[in-house]
Amino acid sequence: EGMDSHGKAIINFQLSIIIYSIISAIFIIVGIGILMLIAISIAAFVLPIVNAIKASNGELPSYPFSLNFIS
């Protein structure tokens, strides 16, 4: 029960990570892009683990800065 919302949240998060990575790759020219890529990679590693633990406890997932593509 509720797995549909978890699936939509993780798909939205992964699509957002791809878009943010492309944007930060463009900002590498300016110099801030590398810091953005580091922050994105940490978030892409940590947040799914945290939300998997939440899902096992029956809580709803929360992905900050996630764009809503699939609702």
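Computed from a predicted model, the values in this text were never measured in an experiment.

What follows is about the side chain of serine 24. For serine 24, the location among the structural elements is in helix 1 (residues 3-26). The class for serine 24 is buried, based on a relative accessible area of 0%. In contact with serine 24, other than residues within four places in its own chain, are Gly33, Met36, Leu37 and Ile40.

On to the packing of helix 1 against helix 2 (residues 33-56). Any two packed helices are characterised by the angle at which their axes cross and by the distance between the axes. Put simply, helix 1 and helix 2 touch, their axes get as near as 9 Å, and they point 170 degrees apart. Relative to helix 2, the element helix 1 is oriented roughly antiparallel. On helix 2, the residues touching His6, Ile10, Phe13, Gln14, Ile17, Tyr20, Ser21, Ile23 and Ser24 of helix 1 are Gly33, Met36, Leu37, Ile40, Ala43, Ala44, Leu47, Pro48 and Ala55. In terms of residue class, the contact of helix 1 with helix 2 is made up of 13 nonpolar, five polar and no charged.

Next up on the list: the pattern of salt bridges. Enumeration over the complete set of coordinates arrives at one salt bridge. Across the pair aspartate 4 and lysine 8 runs a salt bridge, and its minimum N-O distance is 3.3 Å. In this pair, aspartate 4 and lysine 8 both sit in helix 1, four residues apart, roughly one turn of the helix. Since its relative accessible area comes to 53%, aspartate 4 is described here as exposed.

Turning our attention to the environment of glycine 58. With respect to the secondary-structure elements, glycine 58 resides in the segment after helix 2. A residue is classified by how much of its surface remains accessible, and glycine 58, at 66% relative accessible area, is exposed. Linking glycine 58 and methionine 3, residues 55 residues apart in sequence, is a C-alpha distance of 10.0 Å.

Basis of the calculations
Residues numbered from 1 in each chain as written. Predicted model: local features only at pLDDT ≥ 70, side-chain atom pairs only at ≥ 80, totals over all residues. Heavy atoms only, no water. Helix = DSSP H or I, 4+ residues; strand = E, 2+ residues; numbered from the N terminus. Buried < 20%, exposed > 50% of the residue type's maximum accessible area, 1.4 Å probe, protein only. Contact = heavy atoms within 4.5 Å. Axes fitted to C-alpha atoms, helices over the stretch in contact; angles between N-to-C directions. Parallel < 35°, antiparallel > 145°, perpendicular 65-115°, else oblique. Nonpolar A, V, L, I, M, F, W, Y, C, P; charged D, E, K, R; others polar. Salt bridge = Lys/Arg side-chain N within 4 Å of Asp/Glu carboxyl O.

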